[in-house]
Amino acid sequence: MKAKYFMIPSHQVHQINESQTIGEAANIICDKHVGCVVVVNNLGRAVGIITKSDLIYATYIKGMNSTTNVKEVMSKNLIFVNENNERNQVAITMSTHNLHHILVEDNDNNWIGLITSFDLAKEAALDAKAHPWEAIRSKNAALKYKEETLNIQSNKQTAFATED
């Protein structure tokens, strides 16, 4: 299934302006029971994302206070998937970049939504229930991809070890 069919549309995603504070971001995350807020500029374009983990790191490890600007804490190197990417492509991108939240863009590079790891798992479970044979084929494809990835990593490690 394409990303545009199981993403959270941008108008439903909790957002915060880049001029606001991490205290305000924390309030949104706690009050709304969400894992992240998307940071937008005055034009409404996504310029960053702040997760619960970012807030914990900023406050407890770095000692920042609640009046710190979100720009100092947000992840700025945003990773997007296209609205027409299939679920498996989204999963691979999220896994490759170790993400629990990923932004979705349209063909004109406009931010149009968000996909969480929970959304991805829910969609996969619903798909598996509706199409059990497809789930088996998809699982086999994922196992083959994982095996190929491990072989590539193993070859890199072997090459690195022989260079010494």
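You'll find the structure just up there.
1. Observations regarding the overall build of the chain
Then, in step 1: Scanning the chain from N- to C-terminus turns up five helices and seven strands.
Then, in step 2: Ordering the α and β elements of the chain from the N terminus gives β-β-α-β-β-α-β-α-β-β-α-α.
Then, in step 3: Taking all 164 residues of the chain together, 32% fall into the buried category.
Then, in step 4: Within the chain, contacts between residues separated by at least 24 positions form 56% of all contacts whose residues are at least 6 apart in sequence.
Then, in step 5: As displayed, the chain offers around 10,700 Å² of accessible surface, 53% of which is attributable to carbon and sulfur atoms.

2. Considerations on helix α2 (residues 52-61)
Spacing of three or four residues puts side chains on the same side of an α-helix, whose turn is 3.6 residues.
Then, in step 1: Listed in full, the buried residues belonging to α2 are Asp54, Leu55 and Ala58. Buried residues in α2, looked at end-on, bunch into an arc of 95°, giving them a common side. Looking at α2, the residues exposed on the side facing more than 90 degrees away from the buried face are Ser53, Tyr60 and Ile61.
Then, in step 2: Elements in contact with the buried residues of α2: α1 (22-32) and β4 (46-51).

3. Digging into the environment of Lys71
Then, in step 1: Within the element layout of this structure, Lys71 appears in the loop between α2 and β5 (80-82).
Then, in step 2: The class for Lys71 is partly exposed, based on a relative accessible area of 39%.
Then, in step 3: Linking Lys71 and Ile22, residues 49 residues apart in sequence, is a C-alpha distance of 8.8 Å.
Then, in step 4: Not counting residues within four places of it along the chain, the set of residues in contact with Lys71 comprises Glu18 and Lys76.

4. Concerning the pattern of salt bridges
Then, in step 1: Under the defined criterion, the tally for this structure stands at two salt bridges.
Then, in step 2: Here Lys2 and Glu86 are joined by a salt bridge, their closest N and O atoms 3.6 Å apart. Of this pair, Lys2 sits in the segment before β1 (8-9) while Glu86 sits in the loop between β5 and α3 (87-96), placing them 84 residues apart in sequence.
Then, in step 3: Look at Lys2 and you get partly exposed, because its relative accessible area is 28%.
Then, in step 4: A salt bridge links Arg87 to Glu123; its shortest N-O distance comes to 3.8 Å. Residue Arg87 is found in helix α3, and its partner Glu123 is found in helix α4 (residues 117-130); the two are separated by 36 residues along the sequence.

5. So, the pairing of strand β6 (residues 101-105)
Then, in step 1: The buried fraction of β6 amounts to five of the five residues, a majority that puts the element mostly inside the structure.
Then, in step 2: Residues of β6 alternate between two faces, with His101, Leu103 and Glu105 on one and Ile102 and Val104 on the opposite face, all of them buried.
Then, in step 3: Of the crossover connections in this fold, the one passing from β5 over α3 to the parallel β6 is right-handed.
Then, in step 4: Inspection of the sheet shows β6 paired to strand β7 (residues 111-116) by five bridges, in the antiparallel sense. By the bridge assignment for β7, Ile102 is matched with Ile115.

6. Observations regarding the packing of α1 against α2
Then, in step 1: The interhelical angle for the contact between α1 and α2, taken along N-to-C directions, is 140°, at an axis separation of 11 Å. By the criterion of interaxial angle, the relationship of α1 to α2 is oblique. Here the hand of the crossing between α1 and α2 comes out left-handed. Residues Ile22, Ala25, Ala26 and Ile29 of α1 touch α2, and the partners they reach there are Lys52, Leu55, Ala58 and Thr59.
Then, in step 2: Split by residue class, the contact of α1 with α2 holds six nonpolar, one polar and one charged.

Definitions and limits used
- Residues numbered from 1 in each chain as written.
- Predicted model: local features only at pLDDT ≥ 70, side-chain atom pairs only at ≥ 80, totals over all residues.
- Heavy atoms only, no water.
- Helix = DSSP H or I, 4+ residues; strand = E, 2+ residues; numbered from the N terminus.
- Buried < 20%, exposed > 50% of the residue type's maximum accessible area, 1.4 Å probe, protein only.
- Contact = heavy atoms within 4.5 Å.
- Areas by Shrake-Rupley, 256 points an atom, 1.4 Å probe, with all protein chains shown as cover.
- Arc of directions from axis to C-beta.
- Salt bridge = Lys/Arg side-chain N within 4 Å of Asp/Glu carboxyl O.
- Right-handed = clockwise from strand over helix to strand, strands pointing away.
- Pairing = 2+ DSSP bridges.
- Axes fitted to C-alpha atoms, helices over the stretch in contact; angles between N-to-C directions.
- Parallel < 35°, antiparallel > 145°, perpendicular 65-115°, else oblique.
- Left-handed = near helix turned anticlockwise from the far one by under 90°.
- Nonpolar A, V, L, I, M, F, W, Y, C, P; charged D, E, K, R; others polar.

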